[in-house]
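What follows is each chain in one-letter form.
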Amino acid sequence: MDQINEEIISFPHGFLWGTATAAHQVEGDNIHSDWWSWERSARRAQALKQEGKNAEDFISGHACDHYHRFEEDFDLVKRGGQNAHRLSLEWSRVEPEEGVWDEKEIEHYREVLEMLKQRGIKTFVTLWHFTNPQWLSARGGWLKGSTVNYFVRYCEKMARTLGDLVDVWVTLNEPGAYVHLSYHWGWWPPQKRSRAQMCLVLMYLACAHRRAWKTLKSVTRGTPVGIAQNVISYAAYRKHHLWDHLLVWMMDVSTNHLFYWLSGMKRHDYLGFNYYFRVRLKRRRGSIFAEQDSVKDQGREVSAMGWELYPHGIFDSLMDFADIKKPVYILENGIATDDDTQRQKFIIEHLREVYHAIKGGVDVRGYFHWSLLDNFEWHEGWRPKFGLVAVDRETFKRTPKESFYLFKKIAEENSITNDEVQSSNAK
Ligand code: IFM
């Protein structure tokens, strides 16, 4: 990698600039996935009714129709100066029934990846991004050890049929976030609320990654394999409160580091990070557990998700892993907002911090903004807008936002000018 130029914020030669998406959030009509059936379940409908919400706003439906419009979307990627793209394969499409491969869908993904290759765009392919085939959920999903075998079989099939078109494999997306949302807080299918089940699922996911790594390496030798790990920046609410600091340490270890320990650092060719926010922790009154400080009430800048914006957190998270001498990719970083000026500021401020981490010795090789398109944000539905490109919910027309052009300029120049930094400071 080249030297960093100190005068302007310029990134190493060969740096990858891209956007990330996930199949269920953009493709549309993933009728064989557990999310598809959950979105339509009586339990979900009842809960939304009680909250006074319109069920239609929480159904993925045709999503962004990316399944049919991927060519147009990849033209946008190219036009946007991006040289890499991260997408996910939908397991339930390629294996809609246990052991039955849908060759037409595999062919579809070949076309998708070829389309990127033809445009000279590097392909980062996620094998599992939260959704499971319905048949797998019916057998107990990730609470069952047999799921690990099914997952490895699926990975092997994908490696044999698509491996020649993949530059980087991402086995799992945010295993830590998934176990919390699906097995601890019970917000996502299968809506369990059990710490014991959460730990069990995390163990199986770690085992799945370890075995998938071996399999992928044996089929597609030179292709790097890793995960997309959700990293959170934690801070103690009270500066001199030992217990708050202990909680910060415990949360940091259990969410940011534990999965690497369980799966073994040797089984990660690179570190893939998804960074969004900071969490401030304090000890809950009369309990040994942590309570999250409510930032919204304290005038701090938050996104439409209620997440505290804290650009310096991406630097802290990167530096925390600086001793592990591996290539690093920021596989997701983005903001849900209706205010595109806020998004532009977010991009500049976070990239500045990434630059400082590179200067500090972290081998960051690429940055993927979440997301290319305004897409389906899981249980939050269609309200949060994460995209550099707006999508009309009726016509699916794509309209690039100002932030799309800002990102294009940065990607094409591989740097951020002082003017851009100044104008983001003024915002
Ligand atoms: O939309 C999600 C994505 O699927 C995983 N990482 C966080 C994003 C924003 O919530």
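Residues numbered from 1 in each chain as written. Predicted model: local features only at pLDDT ≥ 70, side-chain atom pairs only at ≥ 80, totals over all residues. Heavy atoms only, no water.

Going by an unreviewed UniProt entry, the protein carries the name Beta-glucosidase and comes from Candidatus Uhrbacteria bacterium RIFCSPLOWO2_02_FULL_49_11. Under the heading Sequence similarities (unreviewed entry), UniProt records this for the protein: "Belongs to the glycosyl hydrolase 1 family." (UniProt positions renumbered as here; feature names shortened; annotations may be inferred.)

(A) A look at the site of the ligand. Near the ligand the following residues occur: Gln 25, His 129, Phe 130, Asn 173, Glu 174, Tyr 276, Trp 307, Glu 332, Trp 370, Glu 377, Trp 378 and Phe 386. Within the side chain of His 129, one N or O atom sits 2.8 Å away from an oxygen atom of the ligand. Within the contact set of the ligand, a nitrogen atom lies 2.5 Å away from a side-chain nitrogen or oxygen of Glu 332. For the ligand, the accessible surface in isolation is 280 Å², of which the surrounding protein chains cover 95%. (Near = heavy atom within 4 Å. Polar contact = N/O pair within 3.5 Å; in protein donor to acceptor, adjacent residues only side chain to side chain. Areas by Shrake-Rupley, 256 points an atom, 1.4 Å probe, with all protein chains shown as cover.)

(B) Structural view of the packing of aromatic side chains. Per the counting criterion, the structure on display carries 37 aromatic pairs. When the ring of Trp 35 is compared with that of Trp 38, the centres are 5.0 Å apart and the planes differ by 75°; the resulting orientation is edge-to-face. With a gap of three residues between them, Trp 35 and Trp 38 both fall in helix H2 (residues 34–39), about one helical turn apart. Each of the two residues, Trp 35 as well as Trp 38, counts as buried. (Phe/Tyr/Trp six-rings, centres within 6.5 Å; stacked < 30°, edge-to-face > 60°. Helix = DSSP H or I, 4+ residues; strand = E, 2+ residues; numbered from the N terminus. Buried < 20%, exposed > 50% of the residue type's maximum accessible area, 1.4 Å probe, protein only.)

(C) Spotlight on unusual backbone geometry. In this chain, Pro 189 is followed by Pro 190 through a cis amide linkage whose omega measures 5°. Looking at where Pro 190 falls in the secondary structure, it is placed in the loop between helix H9 (175–184) and helix H10 (195–219). At Trp 378, a residue that is not glycine, the phi angle is positive and equals roughly 50°. Note that Trp 378 resides in the loop between strand S10 (364–370) and strand S11 (389–391). Here Trp 378 falls in the buried class, since its relative accessible area comes to 4%.

(D) Local environment of helix H12 (residues 312–320). Within H12, the full set of buried residues consists of Gly 313, Ile 314, Phe 315, Ser 317 and Leu 318. Among the structural elements, strand S6 (225–236), strand S7 (271–283), strand S9 (328–333), helix H13 (340–359) and S10 are those in contact with the buried residues of H12. (Contact = heavy atoms within 4.5 Å.)

(E) Quick peek at the side chain of His 66. Along the polypeptide, His 66 turns up in helix H4 (residues 66–79). In this structure, His 66 is in contact with Val 26, Glu 27, Asp 73, Phe 74 and Arg 398, ignoring residues within four places of it in sequence.

(F) Region of the structure containing the pattern of salt bridges. Per the stated rule, a full pass over the model turns up 28 salt bridges. Note that Arg 93 is salt-bridged to Glu 27, the shortest N-O span being 2.8 Å. With Arg 93 in helix H5 (residues 91–94) and Glu 27 in the loop between helix H1 (23–26) and H2, the pair connects residues that are 66 residues apart, well separated along the chain. Taking the relative accessible area as the measure of exposure, Glu 27 reaches 4% and is therefore buried. Residues Glu 412 and Lys 408 are paired through a salt bridge, measuring 3.1 Å at the closest nitrogen-oxygen approach. With Glu 412 and Lys 408 both in helix H14 (residues 402–413) and four residues apart, this pair spans about one turn of that helix. Residue Lys 408 is classed as partly exposed on the basis of its relative accessible area, which comes to 24%. Taken together, the shared-partner salt bridges connect Glu 95, Glu 98, Arg 139 and Arg 153 into one network. (Salt bridge = Lys/Arg side-chain N within 4 Å of Asp/Glu carboxyl O.)

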